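Here's the letter readout for the chains.
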Amino acid sequence: MKYGDKVIDHFANPRNVGALDKSASDVGTGIVGAPECGDVLKLQIQVDTEGRIVDAKFKTFGCGSAIAASSLATEWVKGRTVDQAGEIKNTAIAQELSLPPIKVHCSVLAEDAIKAAIADWKSKNGKE
Amino acid sequence: MPVKLPIYMDNNATTPIDPRILEAMMPYLTGEFGNAASKHHVFGWRAEEAVENARQQVAELIHASPKEIVFTSGATESDNLAIKGVAEAYRERGNHIITCLTEHKAVLDTCKYLEKNGCEVAYLTPDSTGQVGPQQIEQAITDKTILITLMAANNETGTLHQIAEIGRLAKQRDIIFHSDATQAVGKIPIDVEAMGLDLMSLSAHKLYGPKGVGALYVRGRGPRVRIAIQMHGGGHERGMRSGTLNVPGIVGLGEACRLAQQEMDHESPRLSAMRDALQSAIMSRLDHVQINGHPIQRLPNTLNVSFEYVEGEALMMKIKDVAVSSGSACTSASLTPSHVLHAMGVPDELAHGSIRFSLGRFNTPQEADYAAEHIVQAVGELRELSPLYEMAKEGVDMKSIKWRGPVH
Ligand SMILES: Cc1ncc(COP(=O)(O)O)c(C=O)c1O
């Protein structure tokens, strides 16, 4: 499997690796995927009182494309409002990283992880 | 001495050509271009002589008679010819075939094809080391069983089957015994008589020879084994496999067998020493690591390891200067990892984190050290990135989590 330059870059220098306090009320945590399928993405967002994402962190178990997609997702959500972040589409992630068709599911997981993190933050803050 | 990068450690996939083999082939790629079936001029005679010499070399390595060697395009064809050939030729006697879930696709898919054509196939589940025992086979035998096909050595884990014992059983029960010995030939001693084999597949490109050439051993007496022709045509190879012979390829296969025989006695211990050094370097420096395959009854060159909490494809990307394989399958088409590890009961998440190192004639101990160093470092880095490792450290029971898998 040949990798695109952007996948290689994010894989070699992943952005925003780490963890936020998942019990904090301003933090939303999304965990998607399953170990037996070979991918688990954990994406966390920290949201200010205006509803803007001020920080994001990830940890990913998965192939290089899954790691790159998670890393890119954290970059893209930072600075956006949760509503804007919720509109990020997997197709945009796949396109940005030039993912081949067999790796598109990695971008789907990244989109799911963003949505799951937002949903967690919303439910913690009574915004459902 | 610094190691030269990239390092090739995927010799079970294919091997580099040994320069001595290329040298033996060269005349037949150039001046000696004759057709081995041309009976009326010196070009043909010389080609035929080269082919017969190679046939002798192959036969010697496996303790067969040259008349029992049929040249093919590789192990896939040999497996097809053996299994379909027996199923068809012995149809009046029965339709039942016994094999194992860890076989190569060349065997499994041939069996699946035969199931659609009136055969019944028992796919035996191996134990956790990858072995199927003689008792298990005995229990699977029915009065319709015509063929047992069981690989000598597994390509992913290196696990060896107890071929000689199974051969005795097959003989007692008057059942034909085929073995795909593609990975075993040249790495461990093979004796078709002592092992009770009736049919055996091998391939040149796993033996430092060229791709696209292999052989099928077909027992000639005690008793003679019949196979139905799969490739019809000019009646080459005693009618068993038509098609103008690939003379340079066959010469390469012959030379590959000769060299393997000549060098096996010191090459096998050299390989297993390197493999064992690699294994202990990994095991001593990392926790949550598991060896897949039989700890002892294993090819000397093969090491299959699962690294918990990391994914194999990412690992291969991290150690990009060391070419290895993984049992992971991170594609949309198939989320199921290695069928071999799965059959052995290795959990899928561990199969996703498996790496196969397969050493070869051209690897050095320095390369094994380099590989150990880099894999240990890569595992460490990826674990820092792994939410599963984080959870494990926090003491979260992974089994208790309801995972939100992707929607397929
Ligand atoms: C066990 C086994 N059988 C069959 C094959 C297929 O061999 P070939 O490439 O010569 O068709 C291989 C190699 O991939 C193998 O490892």
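Above this text sits the structure in question.
Residues numbered from 1 in each chain as written. Chains lettered and ligands numbered in written order. Predicted model: local features only at pLDDT ≥ 70, side-chain atom pairs only at ≥ 80, totals over all residues. Heavy atoms only, no water.

## Comments concerning empty space enclosed by the protein
Residues and elements named next belong to chain B.
Then comes step 1: Tallied over the full model, the rule gives two cavities of 30 Å³ or more.
Then comes step 2: Size it by volume and the largest cavity reaches roughly 140 Å³.
Then comes step 3: In this structure, the largest cavity is lined by 13 residues; those nearest its centre are Gly-186, Lys-187, Tyr-208, Glu-267 and Leu-271.
Then comes step 4: When grouped by side-chain class, the residues that make up the lining of the largest cavity number six nonpolar, two polar and five charged.
Then comes step 5: The computed volume of the second largest cavity comes to approximately 40 Å³.
Then comes step 6: Split into classes, the residues belonging to the lining of the second largest cavity amount to seven nonpolar, three polar and one charged. (1 Å grid on protein atoms, 1.4 Å probe; cavity = no way out; pocket = protein on both sides within 12 Å on 5 of 7 lines; lining within 4 Å. Points joined across faces, edges and corners; volume = space filled by probe spheres on them. Nonpolar A, V, L, I, M, F, W, Y, C, P; charged D, E, K, R; others polar.)

## Examining the interface of chain A and chain B
Then comes step 1: In this assembly, 34 residues from chain A lie in contact with 27 residues from chain B.
Then comes step 2: The junction of chain A with chain B conceals about 2700 Å² of combined surface from both sides, 67% of it contributed by carbon and sulfur atoms.
Then comes step 3: The largest share of the area that chain A buries against chain B comes from Phe11(A), Lys59(A) and Phe61(A), three residues that together contribute 23% of it.
Then comes step 4: Linking chain A with chain B are four salt bridges, by the criterion used here.
Then comes step 5: Ionic pairing is found between Glu390(B) and Lys42(A), a salt bridge with its closest N-O pair at 2.6 Å. (Contact = heavy atoms within 4.5 Å. Buried area = accessible area lost by both parts, 1.4 Å probe. Salt bridge = Lys/Arg side-chain N within 4 Å of Asp/Glu carboxyl O.)

## Concerning the layout of surface pockets
Residue and element names in this part refer to chain B.
Then comes step 1: Roughly 490 Å³ of volume is contained in the second largest pocket.
Then comes step 2: His-104, Asn-155, Glu-156, Lys-206 and Arg-356 are, among the 34 residues lining the second largest pocket, the residues nearest its centre.
Then comes step 3: Elements with a contribution of two residues or more to the lining of the second largest pocket: helix H3 (75–89), strand S12 (325–326), helix H9 (339–343) and strand S13 (354–358).
Then comes step 4: Top contributing element to the lining of the second largest pocket by residue count: H3, with four residues.
Then comes step 5: Residues belonging to the lining of the second largest pocket are distributed by class as follows: eight nonpolar, 20 polar and six charged. (Helix = DSSP H or I, 4+ residues; strand = E, 2+ residues; numbered from the N terminus.)

## A word on the nonpolar core
Then comes step 1: Grouped together as the largest cluster of nonpolar side chains are 65 residues, with contacts concentrated most on Ile45(A), Ile282(B), Phe307(B), Leu315(B), Phe357(B) and Ile375(B).
Then comes step 2: Contacts of Ile375(B), omitting those with residues within four sequence positions, involve Ile282(B), Phe307(B), Leu315(B), Ile319(B), Ile355(B) and Phe357(B).
Then comes step 3: One finds Ala140(B), Ala204(B), Val213(B) and Leu259(B) within the second-largest nonpolar core, a separate group that totals 60 residues. (Core = buried A, V, L, I, M, F, W, Y, C linked by side-chain atoms within 4.5 Å. Buried < 20%, exposed > 50% of the residue type's maximum accessible area, 1.4 Å probe, protein only.)

## A short note on helix H12 (residues 387–394) of chain B
The periodicity of an α-helix, 3.6 residues per turn, causes residues three or four places apart in sequence to face the same way.
All names here are of chain B.
Then comes step 1: Residues Pro-387, Leu-388, Tyr-389, Glu-390 and Met-391 constitute the buried set of H12.
Then comes step 2: The N-cap residue of H12 is Ser-386: its side-chain oxygen and the backbone nitrogen of Leu-388 are 3.2 Å apart.
Then comes step 3: The first or second residue beyond H12 is Gly-395, which carries a positive phi of 85 degrees. (Polar contact = N/O pair within 3.5 Å; in protein donor to acceptor, adjacent residues only side chain to side chain.)

## Considerations on the pattern of salt bridges
Then comes step 1: With the rule as written, the count across this model stands at 31 salt bridges over all chains.
Then comes step 2: Between Lys115(A) and Glu111(A) there is a salt bridge, with the nearest N and O atoms lying 2.6 Å from each other. One end of the pair, Lys115(A), and the other, Glu111(A), are both in helix H5 (residues 104–124), four residues apart, so they sit about a helical turn from each other.
Then comes step 3: For Lys115(A), a relative accessible area of 35% corresponds to the partly exposed category.
Then comes step 4: Shared partners join several salt bridges into a network, and the residues in it are Asp18(B), Arg20(B), Glu263(B) and Arg361(B).

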